[in-house]
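Remarks on the overall topology
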Amino acid sequence: MNEDDAGDAEQPAGATRATLEWADGRTLSVEPQPDEPVLDAAERADAGLPYGCRHGACGTCTARLLDGDPESLDHRRPPRALKPRHLDAGYVLLCVAEARSDCRLRVGSDVLAETRPAPWRDAGDG
Ligand code: FES
């Protein structure tokens, strides 16, 4: 774990680094093991990310890829909580997402809110 020093620490050959970024500007870099969900690596680092089902159904762990190749994260199970348009927009489920290469992710409960309908927001639009 490296807090607030993304890119500074020496990275073991073959390891991947996922840099987590919160809305308040806090960052934390974690290094998921091969075949380990990013959420598990974040928990080891006491990141305090929200989660629920841990198998891709509830969406509580939704994050958004900020940079990195879209192929840098691979869902080990179907990300059922996300619609195709969310996947196309870079949203991922950290409980079932494995890092294949370095990436940067926006995390926190506000990311999930972006993927959920907000009836009050659209009231009166139509
Ligand atoms: S914790 Fe439910 S989808 Fe990830």
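Procedures and definitions
- Residues numbered from 1 in each chain as written.
- Predicted model: local features only at pLDDT ≥ 70, side-chain atom pairs only at ≥ 80, totals over all residues.
- Helix = DSSP H or I, 4+ residues; strand = E, 2+ residues; numbered from the N terminus.
- Buried ≥ 20, exposed ≤ 12 C-beta atoms within 10 Å, placed from the backbone.
- pLDDT = per-residue confidence, 0-100.
- Contact = placed C-beta atoms within 7 Å.
- Pairing = 2+ DSSP bridges.

Some words on the overall build of the protein
What the protein contains, in helices and strands, is four helices and eight strands. Order of helices (α) and strands (β) in the protein, N terminus to C terminus: β-β-β-α-β-β-α-β-β-β-α-α. Per-residue burial over the protein gives 31% buried out of 126 residues.

Observations regarding unusual backbone geometry
Phi angles above zero are rare outside glycine, and D46 is one such case at about 55 degrees. Among the structural elements, D46 can be located in the loop between α1 (38–44) and β4 (62–67). Looking at D46, the number of C-beta atoms within 10 Å reads 10, which means it is exposed.

Quick look at the confidence of the model for the protein
Overall, the predicted model of the protein reaches an average pLDDT of 87, with 83% of residues at or above 70. Per-element confidence in the protein ranges from a low mean pLDDT of 46 for strand β1 (residues 2–3) to a high of 98 for strand β3 (residues 27–30). Ignoring residues within four places in sequence, the model shows residues 1–8, a span with pLDDT below 50, making 11 contacts including any to other chains.

Re the pairing of strand β8 (residues 103–106)
With burial as the criterion, only one face of β8 is covered, namely that bearing C103 and L105; the residues R104 and R106 on the opposite face remain uncovered. Two strands pair when backbone bridges link them, and β4 and β8 are joined in this way by three bridges, in the antiparallel orientation. The partner of D67 across the bridge, within β8, is R104.

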